[in-house]
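Take a look at the letters that make up each chain.
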Amino acid sequence: MSQAASAHPAVEPAETPLTPESWGKLGMWIFLAGDAVGFGTLLAAYGGMRATSADWPSPYDVLGINLTAVMTFLLICSSVTMVKALEWLGRGDRAKCRLFLFLTALGGAIFVSLQAYEWTHLINAGLHIGRNPWGASLFGASFFIITGFHGLHVSGGVIYLLSMLRYVTNRPQPEASYNAVEIAGLYWHFVDLVWIMVFTFMYLL
Amino acid sequence: MATTEHKHPNYMAIFWYLAVLTVVEIAVIFMPVGKLTIGVLLCALAVTKAGLVAMYFMHLRFETRTLGLIAVTPLAIATLLVFVILPDGFAVAKRTEGVKAEASAPAKH
């Protein structure tokens, strides 16, 4: 805390030129940029392995896209409920904000459940980390690592959103939790954005 | 106060764009065109969708340009990385192909 801020409690600490609303927002953006490098590296490596492999199985035939198309739609819907939560909080309606935060977390929880169902189905069909009946063994390894890394992000996001639910509940002034909910929203939309990439490169292409 | 001056784009319109683009993506893989064309189309559609999410849901459109630069840096790094990995991958593929061909060739004695 700077001297100026402690001398005048009403004065905010020096603001960041990038995100005037809060330092936390800049922090989340920088974290997300780092996280995006992680996902970008995984997907680039996937592309490299697939392009240079002679017996890469066809993802469309092995994985199928019916269930994942539903999962994609679900995640897009949960992004919409997230922006609605923030919109209602901005209008001062905490009850509606909490409802939409809950719906967002619910969407994420259903997404992870569907992913668990999909994994079980594929493992029973013979897809393993080290081997599979269709071709290159790296197919299974890359599939489980990339979708698993994303699934962990969704699981973490559900916990994050539920903690935001508590955060909003504990603060009677809607303005007091606006920045925190917006920052949580950034994380959630990022998880949606990454899934758009994963769905395209691992299922459709 | 941030809460009052923050612009809210039409979120439902963005939702419909995303839903329609997803349907288009699925339609593209059944199109009777070359694999390369499908690949390019899918990449373009994915980047468009990701762009919509970042610009409107994550409000990047209403942020400073420097924050946008921070956001696109990982995309540039990942794209470059593909081209860094590929030559090495092709070299390994070529080498192992030769070994495989040798191993599967009938022994001449």
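What counts, and at which threshold
- Every residue gets a number counted from 1 within its own chain, in the order that chain's sequence is written.
- Numbering of ligands from 1 and lettering of chains from A proceed in the order in which they are written.
- Totals for whole chains, interfaces and linings use all residues, but because this is a predicted model, local features are given only for residues with pLDDT of at least 70 and pairs of side-chain atoms are given and counted only at 80 or more.
- Under the scheme used here, helices are H or I runs from DSSP no shorter than 4 residues and strands are E runs no shorter than 2 residues, and both carry numbers assigned from the N terminus.
- Backbone-placed C-beta atoms define the burial measure: a residue is buried with 20 or more other C-beta atoms within 10 Å of its own, exposed with 12 or fewer, and partly exposed in between.
- Any residue pair is listed as a contact if its two C-beta atoms, each placed from the backbone, are within 7 Å.
- Here the expected span of a helix is defined as 1.5 Å times the quantity of residues minus one.
- When residues are grouped by polarity, Ala, Val, Leu, Ile, Met, Phe, Trp, Tyr, Cys and Pro land in nonpolar, Asp, Glu, Lys and Arg in charged, and all others, Gly among them, in polar.
- The pLDDT score gives, residue by residue, the confidence of the prediction method on a 0 to 100 scale.
- Note on geometry: axes are C-alpha line fits, over the in-contact stretch for helices, and angles between N-to-C directions span 0 to 180 degrees.
- Just so you know how the angles are binned, under 35 degrees is roughly parallel, over 145 roughly antiparallel, 65 to 115 roughly perpendicular, and the rest oblique.

A.B. asks: Help me understand the overall build of chain B, please; the structure alone is not making it clear to me.
C.D. replies: If you tally the helices and strands in chain B, you get 4 helices and 0 strands. Each helix and strand of chain B, placed in order from N terminus to C terminus, yields the pattern α-α-α-α. Within chain B, the fraction of its 109 residues that count as buried is 14%.

A.B. asks: Explain the overall build of chain A to me, please; I cannot follow it from the model alone.
C.D. replies: For chain A, the helix and strand inventory stands at 7 helices and 0 strands. Mapped from its N terminus to its C terminus, chain A presents α and β elements in the order α-α-α-α-α-α-α. Dimensions along the principal axes, computed over C-alpha positions, put chain A at roughly 70 × 35 × 20 Å. Burial status across chain A gives 39% buried among its 205 residues. Here the contacts in chain A between residues at least 6 apart in sequence split such that 73% fall between residues at least 24 apart.

A.B. asks: Can you walk me through helix α7 (residues 174-204) of chain A in this structure?
C.D. replies: An α-helical turn contains 3.6 residues, so any two residues separated by three or four positions project in the same direction. Over its 31 residues, α7 of chain A extends 42 Å from the first C-alpha to the last, a length consistent with the 45 Å expected when each residue adds 1.5 Å. Within α7 of chain A, 25 of the 31 residues are buried, which leaves it mostly tucked inside the rest of the structure.

A.B. asks: Is there a simple way to explain the interface of chain A and chain B in this structure?
C.D. replies: By a frequent convention, interface size equals the accessible area lost on bringing the separate parts together. In this assembly, 42 residues from chain A lie in contact with 42 residues from chain B. At 14 residues, helix α2 (residues 23-51) of chain A tops the list of elements feeding residues into the side of chain A that touches chain B. A breakdown of the residues in the side of chain A that touches chain B according to their chemical character gives 26 nonpolar, 12 polar and 4 charged.

A.B. asks: Can you help me understand the confidence of the model for chain A in this one?
C.D. replies: Low-pLDDT portions of the prediction should not be read for the details of their coordinates. Chain-level pLDDT for chain A is 90 on average; 93% of the residues reach the 70-or-more range. Within the model, pLDDT remains below 50 along residues 1-7 of chain A, and this stretch shows 7 contacts once partners closer than five positions in the same chain are excluded.

A.B. asks: Is there a simple way to think about the packing of α7 of chain A against helix α3 (residues 35-57) of chain B in this case?
C.D. replies: Two numbers describe a pair of packed helices, the interaxial angle and the distance between the axes. Taken N-terminus to C-terminus, the directions of α7 of chain A and α3 of chain B make an angle of 175 degrees; their axes are 9 Å apart at the nearest point. Between α7 of chain A and α3 of chain B, the interaxial angle falls into the category roughly antiparallel. Where α7 of chain A abuts α3 of chain B, its residues H189, D192, L193, I196, M197, T200 and L204 of chain A lie against L42, A46, K49, A50, V53, A54 and F57 of chain B. When grouped by side-chain class, the residues that make up the contact of α7 of chain A with α3 of chain B number 10 nonpolar, 2 polar and 2 charged.

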